[in-house]
Protein chains: 2
Amino acid sequence: MADRVTITTVARHAQVSVQTVSNVLNSPHVVRPETRQRVQDAIDALGYRANQAARQMRTGRSRLIAARIEPAQDGINGSILDRFLHGLAEAAAPARYRVLLYTAADDAAEITTYEDMLSAYDIDAFVLTSTHHADTRTGWLAERGVPFVTFGRPWDALGSHPWVDVDGAAGTAEATRHLLRAGHRRIGFIGWPPGSGVGDDRRSGWAAALAEAGIDIHGLDAVTADGVAEGVAAARDLLTRGEPVTAIVCCSDSLALGALHATGGAEPAVPGPPAPGRIAVIGFDDTPVAQAVGLTSIAQPLGEAATHCLRLLAAQLDAPGSRPPGDGQILLTPALVPRRTA
Amino acid sequence: MADRVTITTVARHAQVSVQTVSNVLNSPHVVRPETRQRVQDAIDALGYRANQAARQMRTGRSRLIAARIEPAQDGINGSILDRFLHGLAEAAAPARYRVLLYTAADDAAEITTYEDMLSAYDIDAFVLTSTHHADTRTGWLAERGVPFVTFGRPWDALGSHPWVDVDGAAGTAEATRHLLRAGHRRIGFIGWPPGSGVGDDRRSGWAAALAEAGIDIHGLDAVTADGVAEGVAAARDLLTRGEPVTAIVCCSDSLALGALHATGGAEPAVPGPPAPGRIAVIGFDDTPVAQAVGLTSIAQPLGEAATHCLRLLAAQLDAPGSRPPGDGQILLTPALVPRRTA
DNA sequence: TTCCGGCAGTTGAACGTTCAAATTATGCGG
DNA sequence: CCGCATAATTTGAACGTTCAACTGCCGGAA
């Protein structure tokens, strides 16, 4: 097997010192164009690639970004994260970064993992997902000056780090307006118990859109844990109250699927107009299930979110100390995907 | 901020040379128990962790395993891979390996990525997914002596490398027998066009189970591309032939979902006995959609598969040159998950 | 002519670890 | 108590790269 091509091989081949090769790679402007070209040719001819480990030893930078891969939780609402991860890996490659996976059961375990990855691998940055109230992770990282971005805004408003999030309220507001335009007035909402940042945010969009239309939201919302069966129960509840709702916006596709069942059943796929006489239902996240069942849902721009995360990190890493433009806090707008259920 | 704890720090603290610390870490048997303990205590007290980059420079080993993350293809059948990846990351951690992600549009691009990752990061091994006929990747890696495992058997039977796969035929056979036990005799199959290893394998299980029961499969199967709409069409086709089928085994949950629609519609979730008078349908992969819709499906043991992949790699990496036990070719049996549709 | 400044490139050291060889410590038979 | 074999530990070098300091060289101002 061919011997390893190192910077020394290239240097010999181009008749220069190793440092000059290094300069061509890292600060091309200091080397005369003529020489630069000669070195570049040698690099190409030999197929040289800088050894990351050696480089890392000197610079302390690994060009590695760590991201957590979560277990497929509920299943329906999972598959969000893996699309995000794919986007992340794809955005990382052109910036010459790579994504390293890790798993962790809870915040404490995750922090232990940080320690390990930082000391053993010199991870350059972390991408945190599933931010929540009393999130101990961001503080820990910030304290140590480790660069990171969160996908999900900080719900406690403590400190301000770069983050990317999707505007859940804008999504549910758009969904609600969509239903208003279709003539619905009594539009219900099935959401999660107050206290989850994401859930409260999504509920607020629905409430705002109704307020905008001058509709009193009293008695129009149901609160329940996530799940299909829970969605069935909550929808039945909404339907048996004083004046029944004619449409429901849901906090998740799981809940929406349940609502769909409680309000007349769903037929999978096959495009066509919404069946008349049924209650309109809109879910959230545009999961495969929604696509399969023909459920109108709200799609998060996950690829875009990933790209932004990486851009923010790259800005931090490549120009240390400099704040990214716009304070590095980016709120993306999700898109309503109209299907057969609304 | 605290200075980096290196092997030198530990050595000073334990009053030994750096090499002794290194020995405690890598070949504890050569160091006297007493000394070993002293060094170990120093390691614990200082929270020392070996720097992977430096170690890698000497040993040429990165303890990094690369795996590809694919785009969320069809959506319904995706979410298989991310469960596998999660399993992989989880299995890697205790073995002190980490999983590095990459993306690639096709085999050629993937091989280019191999080159990059091997020369820049000294990746120890690769986990290949989505094996197919005329797969150029395995040959490339084998030629260069790069350790790898495939999740998915080699469909061309060229060369023999370690692989882990799920016995699709066993799955469809079990599904078919399940239907036979329920009294069905005319059991159809909706599969993909011949030529895809996975598809042919799954079809063969169905055929074998029917043959076992003395049933002629003639006229009982339909061939189509994957997709919900395609499933609808194929199921209609099966239902309008001479003697209609009373049950259908499908090559994927997408197809099954289509079949379900064509044969009377599905109602999401909510447990209960199969509705009478409807045609029984069984899907494949036990995706979130199946769980949500109450579709009986065949679940691949993805976590187990991931664990085996990692075990096979670890065996190769930790004892180079030694063939893993059982030739390192592992076929796992999937499990039927009975729900409301069969 | 002399000296200085700046550019292009080179040299030597260092990052943290492990390997191979050398050195020192320990135990044992005579 | 010596000599020797073997165990335990240390020393020096190396992995591939970049940083900091250095050497030559050329042109221009004094």
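For clarity, every value in this text was computed on a predicted model and none was experimentally measured.

(A) Focus on the packing of aromatic side chains. Scanning the entire structure with this criterion turns up 12 aromatic pairs over all chains. Judged by centre distance (5.8 Å) and plane angle (45 degrees), the rings of B:Tyr114 and B:Trp140 are tilted. On the criterion of sequence distance, the pair formed by B:Tyr114 in helix α6 (residues 107-121) and B:Trp140 in helix α7 (residues 136-143) is long-range, its members being 26 residues apart. Side by side, B:Tyr114 and B:Trp140 carry an identical accessibility label, which is buried. Judged by centre distance (5.3 Å) and plane angle (25 degrees), the rings of B:Phe189 and B:Trp206 are stacked. Taken together, the residues span a long stretch of sequence, with B:Phe189 in strand β6 (residues 187-191) and B:Trp206 in helix α9 (residues 197-212) at a distance of 17 residues. This pair shows no difference in class: B:Phe189 is buried, exactly as B:Trp206 is. Taken together, A:Tyr102, A:Tyr114, A:Phe126 and A:Trp140 form an aromatic cluster joined through their ring pairs.

(B) Geometry of the packing of helix α6 (residues 107-121) of chain A against helix α7 (residues 136-143) of chain A. Residues and elements named next belong to chain A. In contact at an axis separation of 9 Å, α6 and α7 are set at 25 degrees when each is read in the N-to-C sense. Of the possible angle classes, the one that applies to α6 and α7 is roughly parallel. Relative to α7, α6 is oriented so that their crossing is right-handed. Contacts between α6 and α7 pair Asp-107, Glu-110, Ile-111, Tyr-114, Glu-115 and Leu-118 from the former with Thr-136, Arg-137, Trp-140 and Leu-141 from the latter. Considered class by class, the residues forming the contact of α6 with α7 number 5 nonpolar, 1 polar and 4 charged.

(C) Spatial organisation of the interface of chain B and chain A. Each partner contributes to the interface: chain B provides 57 residues, whereas chain A provides 57 residues. Buried surface at the junction of chain B and chain A, summed over both partners, amounts to about 4700 Å²; 64% is from carbon and sulfur atoms. Considering only the surface of chain B that becomes buried against chain A, B:Arg49, B:Arg98 and B:Tyr121 emerge as the three largest contributors, covering 14% of it. Between the two partners, chain B and chain A, sit 8 salt bridges. Counting every contact that joins chain B to chain A gives 16 residue pairs in polar contact (both at pLDDT 80 or more). Broken down by secondary-structure element, the contributors of at least two residues to the side of chain B that touches chain A are α4 (52-59), α5 (81-92), β2 (98-102), α6, α10 (228-239), α11 (253-262) and α12 (288-293) of chain B. A per-element tally of the side of chain B that touches chain A places α6(B) first, with 9 residues.

(D) How the structure looks around the protein's contact with DNA strand D. Taken together, 24 residues form the shell around DNA strand D, and within it A:Ile7, A:Gln19, A:Tyr48, B:Thr20 and B:Thr35 come nearest. Within 4 Å of the protein, atoms of DNA strand D come from sugar and phosphate in 61% of cases. Between DNA strand D and A:Asn51 there is a distance of 3.0 Å, counted from a phosphate oxygen to a backbone nitrogen or oxygen. B:Ser17 is positioned with one of its backbone polar atoms (N or O) 2.8 Å from a phosphate oxygen of DNA strand D. Secondary-structure elements contributing two or more residues to the surface near DNA strand D are α2 (18-26) and α4 (52-59) of chain A together with α2 (18-26) and α4 of chain B. The leading source of residues in the surface near DNA strand D is α4(A), at 5 residues. Of the residues assigned to the surface near DNA strand D, the class counts are 8 nonpolar, 10 polar and 6 charged.

(E) The sheet that holds strand β1 (residues 64-68) of chain A, seen in detail. Strand order across the open sheet formed by 12 strands is β11(A)-β5(A)-β4(A)-β3(A)-β1(A)-β2(A)-β2(B)-β1(B)-β3(B)-β4(B)-β5(B)-β11(B), with mixed pairing between neighbours. The open sheet has two free edges, formed respectively by β11 (329-332) of chain A together with β11 (329-332) of chain B, since each of these has just one partner strand. Between one strand and the next, the sheet's axes are offset by a mean angle of 20 degrees, whatever the strand orientation. In terms of strand pairing, strand β4 (residues 148-151) of chain A meets strand β5 (residues 163-166) of chain A through 2 bridges, oriented parallel. Residue pairing for β5(A): A:Thr150 is matched across the bridge by A:Trp163.

(F) Representation of the packing of α10(B) against α11(B). Residue and element names in this part refer to chain B. Taken N-terminus to C-terminus, the directions of α10 and α11 make an angle of 50 degrees; their axes are 7 Å apart at the nearest point. In this view, α10 runs oblique relative to α11, as classed from their interaxial angle. Our pair here, α10 against α11, has a crossing hand that is right-handed. Facing α10, whose interface residues are Val-228, Glu-230, Gly-231, Val-232, Ala-235, Arg-236 and Leu-239, α11 presents Ser-254, Leu-255, Leu-257, Gly-258, Ala-259, His-261 and Ala-262. A per-class count over the contact of α10 with α11 returns 8 nonpolar, 4 polar and 2 charged.

(G) Structural context of the pairing of strand β5 (residues 163-166) of chain B. Residue and element names in this part refer to chain B. Of the two faces of β5, both are covered, the one formed by Trp-163 and Asp-165 as well as the one formed by Val-164 and Val-166. Sheet topology places β5 next to β11; 4 bridges connect them, and they run parallel. Within β11, the position partnered with Val-166 by the bridge is Leu-332.

(H) Region of the structure containing the protein's contact with DNA strand C. Around DNA strand C sit 25 residues in total, of which A:Thr20, A:Thr35, B:Ile7, B:Gln19 and B:Tyr48 are the nearest. Between DNA strand C and the protein, one listed contact pairs a phosphate oxygen with a backbone N or O atom of B:Ile7 at 2.4 Å. One nitrogen or oxygen atom from the main chain of B:Ala54 is found 3.4 Å from a base nitrogen belonging to DNA strand C. For the surface near DNA strand C, the secondary-structure elements that each account for two or more residues are α2 and α4 of chain A together with α2 and α4 of chain B. No other element matches the 5 residues that α4(B) contributes to the surface near DNA strand C. Residues of the surface near DNA strand C, tallied by class, amount to 9 nonpolar, 10 polar and 6 charged.

(I) Seen up close, the relation of the copies chain B and chain A. Overlaying chain B with chain A gives an RMSD of 0.1 Å, the required rotation being 180 degrees about an axis along which the chain moves by 0.0 Å. Those values place the two copies in the arrangement expected of a two-fold rotation axis. The overlap is high: 100% of the interface residues of chain B also sit at the interface in chain A, so the same surface is used on both sides.

(J) Geometry of the side chain of B:Thr150. Residues and elements named next belong to chain B. Topologically, Thr-150 is positioned in strand β4 (residues 148-151). Of note is the side chain of Thr-150, whose polar atom sits 2.7 Å from the backbone oxygen of Gly-152. The residues touching Thr-150, leaving out its near neighbours within four places in the chain, are Leu-128, Thr-131, Thr-138, His-161, Pro-162, Trp-163 and Val-164.

(K) The domain arrangement of chain A, seen in detail. By the assigned domains, chain A splits into domain 1 (7-50), domain 2 (64-165 + 302-332) and domain 3 (168-299). Inter-centroid distance (C-alpha atoms) of domain 1 of chain A to domain 2 of chain A is 35 Å.

(L) Structural detail: α4(A). All buried positions along α4(A) are accounted for by A:Gln52, A:Ala53 and A:Gln56. Looking straight down α4(A), one finds that the buried residues subtend no more than 95 degrees of arc, so they occupy a single side. In this structure, the buried residues of α4(A) make contact with α6 of chain A together with α4 and α6 of chain B. Phi for A:Gly60, located one or two positions after α4(A), is positive at around 75 degrees.

The rules behind the values
- Residues numbered from 1 in each chain as written.
- Chains lettered and ligands numbered in written order.
- Predicted model: local features only at pLDDT ≥ 70, side-chain atom pairs only at ≥ 80, totals over all residues.
- Heavy atoms only, no water.
- Phe/Tyr/Trp six-rings, centres within 6.5 Å; stacked < 30°, edge-to-face > 60°.
- Helix = DSSP H or I, 4+ residues; strand = E, 2+ residues; numbered from the N terminus.
- Buried < 20%, exposed > 50% of the residue type's maximum accessible area, 1.4 Å probe, protein only.
- Axes fitted to C-alpha atoms, helices over the stretch in contact; angles between N-to-C directions.
- Parallel < 35°, antiparallel > 145°, perpendicular 65-115°, else oblique.
- Left-handed = near helix turned anticlockwise from the far one by under 90°.
- Contact = heavy atoms within 4.5 Å.
- Nonpolar A, V, L, I, M, F, W, Y, C, P; charged D, E, K, R; others polar.
- Buried area = accessible area lost by both parts, 1.4 Å probe.
- Salt bridge = Lys/Arg side-chain N within 4 Å of Asp/Glu carboxyl O.
- Polar contact = N/O pair within 3.5 Å; in protein donor to acceptor, adjacent residues only side chain to side chain.
- Near = heavy atom within 4 Å.
- Pairing = 2+ DSSP bridges.
- Least-squares fit on C-alpha atoms with pLDDT ≥ 70 in both.
- Domains from an automatic or database assignment.
- Arc of directions from axis to C-beta.

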